[in-house]
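If you want the building blocks of each chain, they are given just below.
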Amino acid sequence: MAVTFSDLHTESGLKALDAFLAGKSYISGTQLTKDDVKVYAAVEKPSADLYPNASKWYESVSAKLASSFPGKAVGVRIGGQAAVAAAAAPAAKAEEAAGDDDDDLDLFGDETEEEKKAAEQREAAKAPAKKKESGKSSVLMDIKPWDDETDMKKLEEAVRSIEVPGLLWGASKLVPVGYGIKKLQIMLTIVDDLVSVDTLIEETLTVEPCNEYIQSCDIVAFNKI
């Protein structure tokens, strides 16, 4: 019967390994085999509190490999396939001497869809997240004076003197509204996350010093860019 563990870098994979090793010293029973080396090379050191069986097995394999490769930090990790193959050699010889035959033990069979998905998620997490660009809007506004005696040139100067991050004033024109009164119709572009048109009107355009010239403001058009 083939035994397959899912991604050994996930909690579910480590739980499966821990459960499988309950009551066992090694994966194949009582002695170190190449299957132990394969799994050892694929897993980080398990937590003794969360995975006691897997942790005890890991320490046993680490000690065995350390004695086989004195002077090398095999207890930390074995890097690369060449090192894994070299570490597996004594285990393979021990299997042959003991007549061990468990070719059906398949710990690393074909990659499952779940494993592929987990690998893709890990790669995606490594990629730098693209900063979401803030949206912009184009606004057409009517700005009305108090009366026909209001200096419209100074009114426009007062409007354009307002400078806030994310605000850009555009083209403008004077539009007659009757009785000799003209209103200022002006375009502006805003960065949505930085500028609120309602706040701009209520806290800047219709308060001192602008309210010396401005009686009211109306939003004529508001379009996302």
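Note that the structure is predicted; figures quoted are calculated from it, not measured.

About the cut-offs
- Residues numbered from 1 in each chain as written.
- Predicted model: local features only at pLDDT ≥ 70, side-chain atom pairs only at ≥ 80, totals over all residues.
- Heavy atoms only, no water.
- Pairing = 2+ DSSP bridges.
- Helix = DSSP H or I, 4+ residues; strand = E, 2+ residues; numbered from the N terminus.
- Axes fitted to C-alpha atoms, helices over the stretch in contact; angles between N-to-C directions.
- Contact = heavy atoms within 4.5 Å.
- Buried < 20%, exposed > 50% of the residue type's maximum accessible area, 1.4 Å probe, protein only.
- Polar contact = N/O pair within 3.5 Å; in protein donor to acceptor, adjacent residues only side chain to side chain.
- Core = buried A, V, L, I, M, F, W, Y, C linked by side-chain atoms within 4.5 Å.
- pLDDT = per-residue confidence, 0-100.
- Phe/Tyr/Trp six-rings, centres within 6.5 Å; stacked < 30°, edge-to-face > 60°.
- Lys NZ or Arg CZ within 6 Å of the ring centre and 35° of its normal.

### What about the sheet that holds strand 4 (residues 214-224)?
As summarised here, the arrangement of the 4 strands in space is 2-3-1-4, forming an open sheet in which the pairing is antiparallel. Edge positions in the sheet fall to strand 2 (167-178) and strand 4, since each has one partner strand and no second. Strand-to-strand twist across the sheet, computed as the mean angle between neighbouring axes with direction ignored, equals 20 degrees. The pairing of strand 2 with strand 3 (residues 181-191) spans 9 bridges and is antiparallel. In the strand pairing of strand 3, glycine 178 is matched with isoleucine 181. Helix 7 (residues 197-205) rests against strand 1 (136-145), strand 2, strand 3 and strand 4 of the sheet, and its axis sits at about 165 degrees to strand 4.

### Focus on the environment of lysine 183
Among the structural elements, lysine 183 can be located in strand 3. With relative accessibility at 16%, the residue lysine 183 sits in the buried group. When the C-alpha atoms of lysine 183 and lysine 144 are compared, they prove to be 4.7 Å apart, with 39 residues separating the residues in sequence. Setting aside residues no more than four positions away along its own chain, lysine 183 makes contact with Asp142, Ile143, Lys144, Pro145, Met152, Lys173, Leu174, Val175 and Val177. At 2.7 Å, the side chain of lysine 183 forms a polar contact with the side chain of aspartate 142.

### Quick word on the side chain of serine 216
Residue placement: serine 216 occurs in strand 4. With relative accessibility at 19%, the residue serine 216 sits in the buried group. Engagement of the side chain of serine 216 in a polar contact is seen with the side chain of glutamine 215, the distance being 2.9 Å. Excluding anything up to four places from it in sequence, serine 216 contacts Asp142, Ile143 and Lys144.

### Digging into the environment of leucine 168
Note that leucine 168 resides in strand 2. Among the residues examined, leucine 168 registers a relative accessible area of 57% and is labelled exposed. For the pair leucine 168 and methionine 187, spaced 19 residues apart in the sequence, the C-alpha separation amounts to 8.8 Å. Other than its neighbours up to four places away in sequence, leucine 168 contacts Met187, Leu188 and Thr189.

### Structural notes on the nonpolar core
General note: in soluble globular proteins, nonpolar side chains tend to be found buried as a group. In terms of nonpolar packing, the biggest core is built from 23 residues, with Met141, Ile143, Val159 and Leu205 touching the most fellow members. Taken together, the elements giving at least two residues each to this core come down to strand 1, helix 6 (152-160), strand 2, strand 3, helix 7 and strand 4. Once residues within four sequence positions are removed from consideration, isoleucine 143 is found in contact with Leu155, Val159, Lys183, Leu184, Ile186, Ile214, Ser216 and Cys217. One finds Leu17, Tyr26, Leu32 and Tyr58 within the second-largest nonpolar core, a separate group that totals 18 residues.

### Quick word on the confidence of the model for the chain
Per-residue confidence for the chain averages 79 on the pLDDT scale, and 74% of its residues sit at or above 70. Every residue in residues 72-85 scores below 50 in pLDDT, and together they form 23 contacts with partners more than four places removed in sequence or on other chains. Taken together, the stretch residues 97-108 has pLDDT below 50 and engages in 28 contacts with residues farther than four places along the chain or on a different chain.

### Considerations on the packing of aromatic side chains
What describes a pair of aromatic rings is the distance from one ring centre to the other and the angle between the planes of the rings. As enumerated under the stated definition, the model contains 2 aromatic pairs in all. Measuring from centroid to centroid gives 6.4 Å for tryptophan 57 and tyrosine 58, while their planes differ by 70 degrees, and the two rings are edge-to-face. Exposure remark for tryptophan 57: the relative accessible area of 1% places this residue in the buried category. Among the aromatic residues, ring-to-ring pairing joins Tyr40, Trp57 and Tyr58 into one connected group. Lysine 24 extends its terminal NZ or CZ atom over the ring of phenylalanine 20, reaching a point 3.8 Å from the ring centre.

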